[in-house]
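For reference, the chains in residue letters:
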Amino acid sequence: VKGSELADLAGFYKAFGFEMNESAREMLDHISVELEFYTLLLMKQRALEEANDQEGTEIVLDARKKFLKDHLGRFSGAIVDRPGVQSNPFYSLVFQFCSNLTKQECETLNINVLPADFLVTKVEGSDMSCGGSAC
């Protein structure tokens, strides 16, 4: 699932000319990267609206909806509920702010988003190892 999500993100980024610096350390699905990409979509849509490019505007609007529904909306809604985030006085505020922004966008665009479930912490045992050695 993670591989297909990353491939889908890479497709979004490529289709809209979003390039990351090769020395960037963030993953394609890092919340900061997804927020930056969504900002690019908003700027592109605004420029297309000002240029009276109806077709381009509709394409970007459709991409915004799909990106929120499949990626940013799901991720920001899930990360804010993580116990480590909730217990941190700084990050709880930052991620609540991000979650509120994406929820507001989803409401504005009239799309329903279910938070991702891949962030749920699952403990299978107290002995954790990586290929026979400690992680």
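Residues numbered from 1 in each chain as written. Predicted model: local features only at pLDDT ≥ 70, side-chain atom pairs only at ≥ 80, totals over all residues. Heavy atoms only, no water.

Novice: What is the right way to read the pattern of salt bridges from this model?
Specialist: Proximity of charged atoms lets side chains of opposite charge pair with each other. Applying the stated criterion to the full structure yields 4 salt bridges. For Glu-5, the salt bridge is made with Arg-74, and the minimal N-O distance between the two is 3.4 Å. Here Arg-74 lies in helix α3 (residues 54–79) and Glu-5 lies in helix α1 (residues 2–15), a separation of 69 residues in the sequence. Judged by its relative accessible area of 22%, Glu-5 falls in the partly exposed class. A salt bridge links Asp-62 to Lys-66, with the shortest nitrogen-to-oxygen separation between them at 3.0 Å. With Asp-62 and Lys-66 both in helix α3 and 4 residues apart, the pair spans about one turn of that helix. (Salt bridge = Lys/Arg side-chain N within 4 Å of Asp/Glu carboxyl O. Helix = DSSP H or I, 4+ residues; strand = E, 2+ residues; numbered from the N terminus. Buried < 20%, exposed > 50% of the residue type's maximum accessible area, 1.4 Å probe, protein only.)

Novice: Just checking my understanding: could you explain the packing of α1 against helix α2 (residues 31–50) for this structure?
Specialist: Each pair of packed helices can be summarised by the angle the axes make with each other and by the distance between the axes. As a packed pair, α1 and α2 sit with axes 11 Å apart at the nearest point and diverge in direction by 35 degrees. For the element pair α1 and α2, the recorded crossing hand is left-handed. Taking contact as the criterion, the partners of Leu-9, Phe-12 and Tyr-13 in α1 are, on α2, Val-33, Glu-34 and Phe-37. Taken together, the residues of the contact of α1 with α2 sort by class into 5 nonpolar, no polar and 1 charged. (Axes fitted to C-alpha atoms, helices over the stretch in contact; angles between N-to-C directions. Left-handed = near helix turned anticlockwise from the far one by under 90°. Contact = heavy atoms within 4.5 Å. Nonpolar A, V, L, I, M, F, W, Y, C, P; charged D, E, K, R; others polar.)

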